Amino acid sequence: MSNQAAFLTATQSPFEIRPVPIPTPKPNEIVIKTAASFGPAVFPFLQLPTIIGEDLAGTITPVGSLVANFKPGDHVAALSLAAFQRHVAVPSHLAIPIPSSLPFEQAAVLPLRLSVAAQALFSKSYLALRLPISGGNTEQNNGSILIWGGSTSVGSNAIQLAKAAGYEVITTASPRNFEYVKSLGATGVFDYNSPTIKEELLAAFQGKKVVGAIANRAPTPEGHKVIVDTCAAVVKGIQGANRFLACTMVLREDAPEGVEAKFVQTFIEPGSEELAGEIYGGYVAKALASGEFVATPKAAVEGKGLEGIQGAIEVVAKGVSAVKVVVTI
């Protein structure tokens, strides 16, 4: 048995496939034989050549000596910073148990964006909302939240998590995705391209207990500013609202006056281990098995093998909507 990885040797350059050792798990790690992967984020601090990739799904091979909640043969999805290889070692708290009925390609849409959504909603560093409970009463109203960009990967996960935690979700999307976000649990959805979107959202939240907003989805700096300013106007315009924006986009300038805004980190961030366990190994594992939680958006397989990663990246660069590109390994 051998291992291979796709190395990024220079920005804007094709990946190079190279042999690498099969990892040996540390005491708290599992090793996954990768079946599907993606998440090609490139950070400015990376030292090249390196292996990137953040989402993967597959079958556990060995487990570390301190791992009690997984065993070889288990199916999982997992979050990593080096997913573009055939065998990947990850800390056990960054893995999601998945039912055998869930295809690896579909499971691979979950880890990164689910972690961002959960951090934004439940971490004490961000909105600090109540945790979701599998089988709980999703009709209770603990408050209302604005989730911008509900049909995105982060938005799709955030809607489901917030609903499961007993919050009313009002979101934005393209009209073609209105029914999709409603199917996930949104009670109100508005066209983010509407020239009166700010006024429409303010009217929708009037008289409600507003617990904050997730400012999400901006392909350009200009779009980022519009989203942040609109979300800020909503939380500032409702009496008693929590004036906090959890931002999935790097903040390029100070938040509007009177509003706190923070960029949301993933579960890889130190100090996130407990919440990762609550969400990945707790609520989501149970809710996937029962059908309460859906691995969404739909996976679009755009490549096969490590050699297929480059082409899949080019597909993403052209733009996709309400799908998540993955590659089978």
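Before any of the text, the structure's been laid out above.
Bear in mind that the values here come from a model prediction, so they are computed numbers and not experimental data. (Residues numbered from 1 in each chain as written. Predicted model: local features only at pLDDT ≥ 70, side-chain atom pairs only at ≥ 80, totals over all residues. Heavy atoms only, no water.)

Caption draft 1: Broad picture of the nonpolar core. Among the nonpolar cores identified, the biggest contains 59 residues, and L121, I145 and L161 are the most heavily contacted of them. In this structure, L121 is in contact with L127, A128, L129, I145, A158, L161, A162 and I214, ignoring residues within four places of it in sequence. Counting 24 residues, the second-largest nonpolar core is a separate cluster that includes L201, V235, I238 and A241. (Core = buried A, V, L, I, M, F, W, Y, C linked by side-chain atoms within 4.5 Å. Buried < 20%, exposed > 50% of the residue type's maximum accessible area, 1.4 Å probe, protein only. Contact = heavy atoms within 4.5 Å.)

Caption draft 2: Region of interest: the side chain of T50. The residue T50 is located in strand β4 (residues 50-51) in this model. The class of T50 is buried, set by a relative accessible area of 17%. Not counting the four nearest positions on each side in its chain, T50 is found in contact with A6, F7 and L8. (Helix = DSSP H or I, 4+ residues; strand = E, 2+ residues; numbered from the N terminus.)

Caption draft 3: Highlighting the pairing of strand β6 (residues 75-79). Where burial is concerned, most of β6 is hidden: 4 out of the 5 residues are buried. Relative to β6, strand β5 (residues 55-63) is paired through 5 bridges, and the arrangement is antiparallel. Each residue of the ladder has a partner; that of D55, found in β6, is L79. Here β6 pairs with strand β8 (residues 95-97) via 3 bridges, running antiparallel. Each residue of the ladder has a partner; that of V76, found in β8, is P97. (Pairing = 2+ DSSP bridges.)

Caption draft 4: Summary view of the packing of aromatic side chains. For the coordinates displayed, the defined rule picks out 4 aromatic pairs. Judged by centre distance (5.8 Å) and plane angle (80°), the rings of F15 and F84 are edge-to-face. Note that F15 is positioned in the loop between β1 (3-8) and β2 (16-20) and F84 in the loop between β6 and β7 (87-91), a separation of 69 residues in sequence. Under the relative-accessibility criterion, F84 is labelled buried at 0%. Summarising the aromatic geometry, the rings of F38 and F84 are spaced 6.3 Å apart at their centres and angled 40° between planes, so their arrangement reads as tilted. Of this pair, F38 sits in strand β3 (residues 29-38) while F84 sits in the loop between β6 and β7; the two residues are 46 residues apart in sequence, bridging distant segments of the chain. (Phe/Tyr/Trp six-rings, centres within 6.5 Å; stacked < 30°, edge-to-face > 60°.)

Caption draft 5: Spatial organisation of the packing of helix α2 (residues 111-122) against helix α7 (residues 273-290). For the pair α2 and α7, interaxial distance at closest approach is 10 Å and the crossing angle is 115°. As for the relative orientation of α2 and α7, their crossing is right-handed in sense. Facing α2, whose interface residues are P111, L112, L114, S115, A118, Q119 and F122, α7 presents L275, I279, Y280 and V284. Across the contact of α2 with α7, the residue classes break down as 9 nonpolar, 2 polar and no charged. (Axes fitted to C-alpha atoms, helices over the stretch in contact; angles between N-to-C directions. Left-handed = near helix turned anticlockwise from the far one by under 90°. Nonpolar A, V, L, I, M, F, W, Y, C, P; charged D, E, K, R; others polar.)

Caption draft 6: Expanded view of α7. Taking 1.5 Å of rise per residue, the 18 residues of α7 would be expected to cover 26 Å, and the 24 Å separating its terminal C-alpha atoms lies within 8% of that figure. A bend of about 35° at V284 is the largest found in α7. Taken together, the buried positions of α7 are occupied by L275, A276, I279, Y280, G282, Y283, V284, A285, A287 and L288. Here the buried face of α7 lies against β6, β8, α2 and α3 (153-164). Remark: G291 follows α7 within two positions and exhibits a positive phi of approximately 90°. (Expected span 1.5 Å × (residues − 1). Bend = angle between axes of the 7 residues up to and from the residue.)

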